[in-house]
Amino acid sequence: MNKKWQVVKYLTLDFLAATLSWSLFFVYRKEVIEPKVFGGWNVPFEFTHQFFLALLFIPSFWILFYYITGFYRNVLRKSRLLELGQTFATSLVGVIVLFFAFVLDDWIASYKDYYQSFLVLFGLHFSLTYFFRLILTTRTIHQIHHRKIGFNTLIIGSNEKALTLYREMSSQVRPAGNKFVGYVALNESQEDALKGHLPRLGNIGDILNIIENNRIEEVILAFADYDKAKANETLTVIENRQVNIWGIPDLYDFLSGSVKISTIYSSPLIKISNGLMPAWQENTKRMLDVLFSLIAMILFFPVFIVLAIMIKSTSHGPVFYKQERVGRFGKLFYIYKLRSMVHDAENGTPALSSEDDGRITKIGRFLRKTHLDEIPQFYNVLIGKMSLIGPRPEREYYIRQIVKKAPHYTHLHKLRPGITSWGQVKYGYASNVEEMLERLPYDMMYLKNISLYIDFKILIYTIMVSVKGKGK
């Protein structure tokens, strides 16, 4: 099943539920509340233009609220019980907001009418929303249990533990949706218990290509106790890819309480891959990225025109500079900047700039000091390739050198690269691999402490550096 189509279904039904609930609540206010105010007189009933305006705004408010809270993520992995709790909580918060925004100034005969209005609006919205969601989620779960929906799953390891897990999950009465496409053995010398049960897709050294070529969505690590070092190496490589990673727990994991399950039918697995930010923060971060980028592109447009004329009139070559960088999940993309160097400065050979680099033009030095050369990158943010705040994207050529000295660098690929970063504020542009490594601890600290609060602090410091012209 297409995940995007599933999201469209949820969006449509949520919009419909919000529209119906507000329409019924409007009728309730007109037929029950208002007659009390006017002493039982028959108040003429009509759908006013305010009502129709509300039908545009209020359902849109609910859709935005659900998006921020992360409801539309993992739409094929919904739990009806968890969905009940989430729908109740979001309905309660949303109705409180709408009540204070639109209902509190209503004419009422008694303060008790406020309580009744709140309960009616909450009851209508919650019941209609969850009713539609329950139908859609139940249908999806039914398709998973009948193996009509599956998630391409790869097993890493081929010991007896892996074989036992494969047999258990393949014979489940109510399968969890794992569609096993193959396995990867750790090395040739160890046992190969899955041979003959699943196709062997290759070696551990080619794991990233295997995941991409087979469209793997779920990875299960089946390592023996003596393979812990190999497990850490493998995690370093695949944890920054867009897959769910699971591990087979041992007795210690059960005793320590690290095993969390969401279904009583499936085999217990430890979820190793987790989101770096709560869903509401991650979605808010993306919304702010889009909003600020649009505002910045409008505000900086006159500045951009002036700078473009200056670049074109003072040096030969295009106004824009385009370069391939490594982005989120290791995917390549093109970064755009205002050109601050002479045309064809590298001439095909990667070379970082330094403080006294003769390739930097006069206007280019000003652009770098003030970070105004970054203006076109707001376009990268707008299309989702970058974020306002995040580790600076590097070229694959330099990443290969960095990884030799700091293998954990690849963890940064869990994030969208940013226009500015903690490391960028501290060190500015790196002129060699050693400076990239010096900047790395700050980017790793950002990875481990990522939050909207940290983003705002980095943004403020970046503005201060730009205004003072102290950029490097």
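Structural data are supplied above this passage.
Since the model is a prediction, treat every value here as computed from it, not as a measurement. (Residues numbered from 1 in each chain as written. Predicted model: local features only at pLDDT ≥ 70, side-chain atom pairs only at ≥ 80, totals over all residues. Heavy atoms only, no water.)

1. Focus on the overall build of the protein
Reasoning step 1: Helix and strand counts for the protein stand at 16 helices and ten strands.
Reasoning step 2: A separation of at least 24 residues holds for 74% of the contacts in the protein among residues at least 6 apart in sequence.
Reasoning step 3: Surface exposure of the protein reaches about 25200 Å², of which carbon and sulfur atoms provide 62%. (Helix = DSSP H or I, 4+ residues; strand = E, 2+ residues; numbered from the N terminus. Contact = heavy atoms within 4.5 Å. Areas by Shrake-Rupley, 256 points an atom, 1.4 Å probe, with all protein chains shown as cover.)

2. Details of the sheet that holds strand β2 (residues 178-185)
Reasoning step 1: In spatial order, the strands read β3-β2-β1-β4-β5-β6; together these six strands make up an open sheet with mixed pairing. The sheet is open, and its two edges are formed by β3 (200-203) and β6 (270-271), each paired on a single side.
Reasoning step 2: Relative to strand β4 (residues 218-221), strand β1 (residues 151-156) runs parallel, the two sharing four bridges. Considered in β4, the bridge of I156 is made with L221.
Reasoning step 3: Contacting β1, β2 and β4, helix α5 (residues 160-170) runs over the sheet at an angle of about 170° to β2. (Pairing = 2+ DSSP bridges. Axes fitted to C-alpha atoms, helices over the stretch in contact; angles between N-to-C directions.)

3. Topic: the packing of helix α9 (residues 279-299) against helix α16 (residues 452-468)
Reasoning step 1: It is the contact of α9 with α16, at a shortest axis distance of 10 Å, that shows an interaxial angle of 30°. Classified by the angle between their axes, α9 and α16 sit roughly parallel to one another. Contacts between α9 and α16 involve W280, Q281, T284, K285, L288 and F292 from the first element and L452, D455, F456 and L459 from the second. (Parallel < 35°, antiparallel > 145°, perpendicular 65-115°, else oblique.)

4. Focus on the pattern of salt bridges
Reasoning step 1: Tallied over the entire structure, the rule returns ten salt bridges.
Reasoning step 2: For K285, the salt bridge goes to D455, with nearest N and O atoms at 2.5 Å. Of the two residues, K285 is situated in helix α9 and D455 in helix α16; the sequence distance between them amounts to 170 residues. Like K285, the residue D455 is buried in the burial classification. (Salt bridge = Lys/Arg side-chain N within 4 Å of Asp/Glu carboxyl O. Buried < 20%, exposed > 50% of the residue type's maximum accessible area, 1.4 Å probe, protein only.)

5. What to know about the pairing of strand β7 (residues 320-326)
Reasoning step 1: Relative to strand β8 (residues 332-338), β7 is paired through seven bridges, and the arrangement is antiparallel. Bridged to F320 within β8 is L338.

6. Description of the pairing of β1
Reasoning step 1: For β1, the tally of buried residues reaches six of six residues, placing the bulk of the element in the interior.
Reasoning step 2: The alternating pattern of β1 places F151, T153 and I155 on one face and N152, L154 and I156 on the opposite face, and all of these are buried.
Reasoning step 3: Pairing of β1 with β2 involves six bridges; the strand directions are parallel. Of the residues in β2, the one forming a bridge with I156 is V184.
Reasoning step 4: The β-α-β motif built from β1, the intervening α5 and the parallel element β2 has right-handed crossover chirality. (Right-handed = clockwise from strand over helix to strand, strands pointing away.)

7. Let's talk about the packing of aromatic side chains
Reasoning step 1: According to the stated counting rule, one finds 29 aromatic pairs in the structure shown.
Reasoning step 2: Here Y66 and F71 contribute two aromatic rings whose centre-to-centre distance is 6.4 Å and whose plane-to-plane angle is 50°, an arrangement assigned as tilted. The pair Y66 / F71 is uniform in exposure class, with both members buried.
Reasoning step 3: When the centroid spacing of 5.9 Å and the interplanar angle of 85° are considered together, the rings of F99 and F100 count as edge-to-face.
Reasoning step 4: Owing to a relative accessible area of 7%, F99 belongs among the buried residues under this scheme.
Reasoning step 5: Through a chain of ring-to-ring contacts, the aromatic side chains of Y10, F61, W62, F65, Y66, F71 and Y72 assemble into a single cluster.
Reasoning step 6: One cation-aromatic arrangement involves K78 over F71; the distance from NZ or CZ to the ring centre is 3.7 Å.
Reasoning step 7: Directly above the ring of Y334 sits K322, whose terminal nitrogen or CZ lies 4.5 Å from the centroid. (Phe/Tyr/Trp six-rings, centres within 6.5 Å; stacked < 30°, edge-to-face > 60°. Lys NZ or Arg CZ within 6 Å of the ring centre and 35° of its normal.)

8. Concerning the side chain of N283
Reasoning step 1: Turning to its location among the elements, N283 is positioned in helix α9.
Reasoning step 2: Beyond its immediate stretch of four places on either side in the chain, N283 contacts Y67, I68, G70 and R73.

9. Thoughts on a nonpolar patch on the surface
Reasoning step 1: On the surface, F88, L92, V93, I96, V97, F100 and L104 cluster together into a nonpolar patch covering about 580 Å² of accessible area.
Reasoning step 2: Summarising the element assignment, F100 is placed in helix α3 (residues 80-103).
Reasoning step 3: For F100, a relative accessible area of 56% corresponds to the exposed category. (Patch = residues over 30% accessible without salt bridge, like charges linked within 9 Å, V, L, I, M, F, W, Y side chains within 5 Å.)

10. Focus on the nonpolar core
Reasoning step 1: Judged by nonpolar contacts, the single largest core of 33 residues is most densely connected at Y10, W22, F25, I58, W62, Y72 and V95.
Reasoning step 2: Counting residues per element, the ones that place at least two in this core are α1 (3-37), α2 (49-68), α3 and α4 (112-145).
Reasoning step 3: If one sorts the elements of this core by residue count, α2 sits on top with nine residues.
Reasoning step 4: Dropping the residues within four chain positions of it, Y72 is found in contact with V7, Y10, L11, D14, I63, Y66 and Y67. (Core = buried A, V, L, I, M, F, W, Y, C linked by side-chain atoms within 4.5 Å.)

11. Observations concerning α2
Since one α-helical turn is 3.6 residues long, residues separated by three or four positions face the same way.
Reasoning step 1: The end-to-end C-alpha distance of α2 is 29 Å, a good match for the 28 Å that 20 residues give at a rise of 1.5 Å each.
Reasoning step 2: Helix geometry: α2 is bent most strongly at L55, by close to 25°, with proline P59 lying one to four residues after it.
Reasoning step 3: Of the residues one or two after α2, G70 is the one with positive phi, at around 85°. (Expected span 1.5 Å × (residues − 1). Bend = angle between axes of the 7 residues up to and from the residue.)

12. Looking at the environment of L367
Reasoning step 1: Relative to the elements of secondary structure, L367 occurs in helix α11 (residues 362-370).
Reasoning step 2: In this structure L367 touches L307, I311, L338, R339, L372 and D373, once residues within four positions along its chain are discounted.

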